[in-house]
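# Architecture at a glance
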Amino acid sequence: MARIVRGAIPSPNIWHTPQVYELENRAVDPERRADAAMEAIRPLAGAVVLDIGCGTGYHLPGYAATAARVIGVEPHGDLAAAAARRCAALPTVTVHAAAAQALPLPDASVDVAVARWAYFFGPGCEPGLRELSRVLRRGGTAFVLDLDASRGAFGRWFGETVPAYSAPAVEAFWARQGWQRQDLDLSMVFDRRADLEAVLRIEFAPAVAERAIAETTGVRLDYPNVLRWRHFDA
C-alpha cells in the first residue's frame, strides 16, 4: 500500500486513478489561461516555486522552465515518487512526500506557491494557510486555482456529487482571509471521446457522471475556475 502522510485529505480522483487523471491534466486549459493569469500577477522567472499537492508532478517541468528552483509537495507517497521520477533529469526540481499543513521547508524560503485543484477548498484549510505564511518570503505570492462550483454544467455536476459543498461559504472564507479572486473560463479538450468519459467518471458520482456524459457532445468541456491569490507583503 502507498504511504500516506498523516493528516492528508484523500483525493477522490488522482489517488485512485492516476492514469486517468493524467488524461485530465493533458486536456485542461490548452490555451494556458491559468498560467497567463498567474504570470500577469507574479512572474515565475528566477523564483523559488512551491507546488502544493503536485500529484505525479505534471506541472513541475513547466515551472522549472523559468523558475530558479521548484519544490513539489504531495502527501500520497506513490504519487510523490512518480513526480520525482518525472523530474529526475531536472536538477532544479525537488519533490517531498509531505502535507500542506506540515511543509518540510525553512521559514521564508519560497517566492511563489501554487495549489491547483488541491487541498485548499476553504473552511478547514487554516493549517495549510498558516504554513504558507511561514514559508513564503515577504513579497511572495500564493495562488489557489480551483473549480468554480457556482457556474456552468461542471459546477452543477460537482454540486450534485458533493451536496454538502457550499460555494457561498467557500467564497466568504477566502474573503475573510484577505485573498483576491479572478474568474477563469477554462476548458478541457480531449483527443478521444473515451478519454472525456473516463475523466467524468472519476470526477463525479456514478449517476451524475452518466448524466454528464449524456449532456456532453464531442470532446470539449467548459471548465469554470476561480484563481485566488494573496501577496505576502513585507
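A brief structural summary. All of these numbers come straight from a predicted model, not from anything done at the bench.

### Quick word on the overall build of the protein chain
- Secondary structure assignment for the protein chain yields nine helices and seven strands.
- Relative to a compact globule of 234 residues, whose C-alpha radius of gyration would be 17 Å, the protein chain shows 17 Å and is just as compact.
- Considering only C-alpha atoms, the protein chain reaches an extent of 50 × 40 × 35 Å along its principal axes.
- Classification of the 234 residues of the protein chain by burial places 50% in the buried group.
- A separation of at least 24 residues holds for 76% of the contacts in the protein chain among residues at least 6 apart in sequence.
- Taken as a whole, the protein chain presents about 10700 Å² of accessible surface, with 55% of it coming from carbon and sulfur.
- For the protein chain, the distance from the average position of its 25 positive side-chain charges to the average position of its 27 negative side-chain charges is 4 Å.

### What to know about unusual backbone geometry
- Of note in the backbone geometry, Ala-108 takes a positive phi value of approximately 50° without being a glycine.
- Here Ala-108 shows up in the loop between strand S3 (93–97) and strand S4 (110–116).
- With a relative accessible area of 41%, Ala-108 lands in the partly exposed category.
- For Trp-117, which is not a glycine, the phi torsion comes out positive at approximately 50°.
- With respect to the element layout, Trp-117 can be found in the loop between S4 and helix H5 (126–135).

### A word on the packing of helix H6 (residues 152–161) against helix H9 (residues 206–215)
- Following both chains from N to C, one finds H6 and H9 inclined at 165°, their axes separated by 10 Å at the closest point. Classified by the angle their axes make, H6 and H9 are roughly antiparallel. When you trace H6 past H9, the crossing you get is right-handed. Of H9, the residues touching H6 (which contributes Arg-156, Trp-157, Glu-160 and Thr-161) are Val-208, Arg-211, Ala-212 and Glu-215.
- Residue classes in the contact of H6 with H9 are distributed as three nonpolar, one polar and four charged.

### Things to note about the sheet that holds S3
- Taken in spatial order, the seven strands of this open sheet run S3-S2-S1-S4-S5-S7-S6, and their pairing is mixed. At either margin of the open sheet sits one strand with a lone partner, and together these are S3 and strand S6 (180–189). Each strand axis lies, on average, 20° off the axis of its neighbour in the sheet, ignoring direction.
- Examined bridge by bridge, S6 and strand S7 (residues 220–232) share ten bridges and lie antiparallel to one another. Within S7, the residue paired with Leu-184 across the bridge is Asn-225.

### Overview of the pairing of S7
- Bridge analysis of strand S5 (residues 136–147) against S7 gives eight bridges, and the strand direction is antiparallel. In the strand pairing of S7, Leu-147 is matched with Asn-225.

### Re the packing of helix H1 (residues 18–27) against helix H8 (residues 193–203)
- Orientation of H1 relative to H8, taken along the N-to-C sense of each, is 115°, at an axis distance of 9 Å. With respect to H8, the axis of H1 lies roughly perpendicular. Crossing angle aside, the handedness with which H1 passes H8 is left-handed. Of the residues in H8, those touching H1 at Val-20, Tyr-21, Leu-23 and Glu-24 are Asp-195, Ala-198, Val-199, Ile-202 and Glu-203.
- Each residue belonging to the contact of H1 with H8 can be placed in one class, and the counts come to six nonpolar, no polar and three charged.

### Let's talk about the state of the cysteines
- Per the stated rule, a full pass over the model turns up zero disulfides.
- Between Cys-54, a free cysteine, and Cys-87, which holds the nearest cysteine sulfur, the sulfur-to-sulfur gap is 7.9 Å.
- What makes Cys-54 buried here is its relative accessible area of 7%.

### Examining the side chain of Arg-116
- With respect to the helices and strands, the residue Arg-116 is situated in strand S4.
- A polar atom in the side chain of Arg-116 sits 2.3 Å from the side chain of Asp-35.
- Apart from the residues within four sequence positions on either side, Arg-116 is in contact with Ala-34, Asp-35, Met-38, Ile-52, His-59, Tyr-63 and Leu-145.

Rules behind the numbers
Residues numbered from 1 in each chain as written. Predicted model: local features only at pLDDT ≥ 70, side-chain atom pairs only at ≥ 80, totals over all residues. Heavy atoms only, no water. Helix = DSSP H or I, 4+ residues; strand = E, 2+ residues; numbered from the N terminus. Rg over C-alpha atoms; globule rule 2.2 N^0.38 Å. Buried < 20%, exposed > 50% of the residue type's maximum accessible area, 1.4 Å probe, protein only. Contact = heavy atoms within 4.5 Å. Areas by Shrake-Rupley, 256 points an atom, 1.4 Å probe, with all protein chains shown as cover. Lys, Arg positive; Asp, Glu negative; His and termini not counted. Charge placed at Lys NZ, Arg CZ, Asp CG, Glu CD. Axes fitted to C-alpha atoms, helices over the stretch in contact; angles between N-to-C directions. Parallel < 35°, antiparallel > 145°, perpendicular 65-115°, else oblique. Left-handed = near helix turned anticlockwise from the far one by under 90°. Nonpolar A, V, L, I, M, F, W, Y, C, P; charged D, E, K, R; others polar. Pairing = 2+ DSSP bridges. Disulfide = S-S within 2.5 Å. Polar contact = N/O pair within 3.5 Å; in protein donor to acceptor, adjacent residues only side chain to side chain.

All quantities given are derived from atomic positions and should not be read as evidence of function.
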